[in-house]
Amino acid sequence: DQQVKQNSPSLSVQEGRISILNCDYTNSMFDYFLWYKKYPAEGPTFLISISSIKDKNEDGRFTVFLNKSAKHLSLHIVPSQPGDSAVYFCAASIDNAGNMLTFGGGTRLMVKP
Amino acid sequence: DAGVIQSPRHEVTEMGQEVTLRCKPISGHNSLFWYRQTMMRGLELLIYFNNNVPIDDSGMPEDRFSAKMPNASFSTLKIQPSEPRDSAVYFCASSLGTGGWKGNEQFFGPGTRLTVL
């Protein structure tokens, strides 16, 4: 039973355009959401997070949107750069310290020059 | 800071052998996490410690798996005996271990790729 799902295994975008990565969850108890980026042969690195009390959080080129009623979050990258090519994982946590993370299956983003 | 350090980076062993994976968290971090990544199950939390004490081990697959944290700068994940289905990438992560989520993001090590023949 996958509580966090990333239905698109891959996404290809042209450099300079917007990348939109999507994530759906089923557990209404999740109250903290994160995005991690992973390059090959490296561990995931934290990108951006959002608490359930917000519907948007922005950090430079990265913006995360949360729609609690739809149990859906998305990561927007604008503008996309070739260095953004990586696997992106969304994660969710029930505990308020973000310790018990449940990860989605990941989406591989390819940004073409 | 050197980040989270894991060793070995690659481990190949035969079924039935004992495997020990090692992790050194970031200095000053009070929480440590062990994850496993497989094609079938993705990235899943196995166990996490806070101040060297195991807090939740509900993700540990079976009794063949055990984890220890004897001090704030070292943790091990042991599999005994190992089986081919244990083949995966094992990640260790650490965080400040604050009471809330803000500033408490987890920093991952590079992982150990385990192959059990």
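Heads up: the structure comes first, above all this text.
Summary of the structure given here.

About the thresholds
Residues numbered from 1 in each chain as written. Chains lettered and ligands numbered in written order. Predicted model: local features only at pLDDT ≥ 70, side-chain atom pairs only at ≥ 80, totals over all residues. Heavy atoms only, no water. Helix = DSSP H or I, 4+ residues; strand = E, 2+ residues; numbered from the N terminus. Rg over C-alpha atoms; globule rule 2.2 N^0.38 Å. Patch = residues over 30% accessible without salt bridge, like charges linked within 9 Å, V, L, I, M, F, W, Y side chains within 5 Å. Areas by Shrake-Rupley, 256 points an atom, 1.4 Å probe, with all protein chains shown as cover. Salt bridge = Lys/Arg side-chain N within 4 Å of Asp/Glu carboxyl O. Disulfide = S-S within 2.5 Å. Buried < 20%, exposed > 50% of the residue type's maximum accessible area, 1.4 Å probe, protein only. Core = buried A, V, L, I, M, F, W, Y, C linked by side-chain atoms within 4.5 Å. Contact = heavy atoms within 4.5 Å. Pairing = 2+ DSSP bridges. Axes fitted to C-alpha atoms, helices over the stretch in contact; angles between N-to-C directions.

Here we take up the overall build of chain A. Looking only at helices and strands, chain A has 0 helices and 11 strands in total. Seen in sequence order, chain A has helices and strands lined up from the N terminus as β-β-β-β-β-β-β-β-β-β-β. In terms of overall size, chain A behaves like a compact globule, its C-alpha atoms giving a radius of gyration of 13 Å where 113 residues would be expected to give roughly 13 Å. With respect to the three principal axes, the spread of C-alpha positions in chain A is 40 × 30 × 20 Å.

Here we come to a nonpolar patch on the surface. On the surface, a cluster of nonpolar side chains totalling about 230 Å² of accessible area is made up of Ile 18, Ile 20 and Val 78 of chain A. When you line up the elements, Ile 20 of chain A lands in strand β3 (residues 19–25).

Time to look at the state of the cysteines. A disulfide bridge is the covalent bond that connects two cysteines by way of their sulfur atoms. Taken as a whole, this structure holds 2 disulfides over all chains when the rule is applied. The disulfide that involves Cys 23 of chain A links it to Cys 90 of chain A, with 1.9 Å between the sulfurs. Judged by the sign of its S-S torsion, about 60 degrees, the cystine formed by Cys 23 of chain A and Cys 90 of chain A is right-handed. Within this pair, whereas Cys 23 of chain A is found in strand β3, its partner Cys 90 of chain A is found in strand β9 (residues 86–93), the two being separated by 67 residues in sequence. Note on accessibility: Cys 23 of chain A and Cys 90 of chain A belong to one class, buried. The disulfide partner of Cys 23 of chain B is Cys 92 of chain B, and the S-S distance across this bridge is 1.9 Å. The sign of the S-S torsion, about -70 degrees, decides the handedness of the disulfide formed by Cys 23 of chain B and Cys 92 of chain B: left-handed.

With that settled, the discussion passes to the nonpolar core. Core analysis: the largest hydrophobic core is formed by 23 residues, its most contacted members being Phe 33, Trp 35, Leu 73, Leu 75 and Tyr 88 of chain A. Here Tyr 88 of chain A is in contact with Gln 6, Leu 21, Trp 35, Tyr 36, Lys 37, Leu 47, Leu 75, Ile 77, Gly 106, Thr 107 and Leu 109 of chain A, once residues within four sequence places are set aside. Listed in part, the 21 residues of the second largest apolar core include Leu 32, Phe 65, Ala 88 and Cys 92 of chain B.

All names here are of chain B. One open sheet holds the 4 strands; their spatial order is β1-β3-β8-β7, and the pairing between them is antiparallel. Strand pairing shows two members of the sheet lacking a second neighbour, β1 (5–7) and β7 (65–71), which therefore form its edges. The mean angle between the axes of side-by-side strands here comes to 20 degrees, regardless of whether they run parallel or antiparallel. For β7 and strand β8 (residues 74–79), the ladder comprises 5 bridges, and the chain directions are antiparallel. Its bridge partner being in β8, Asn 71 is matched across the sheet by Phe 74.

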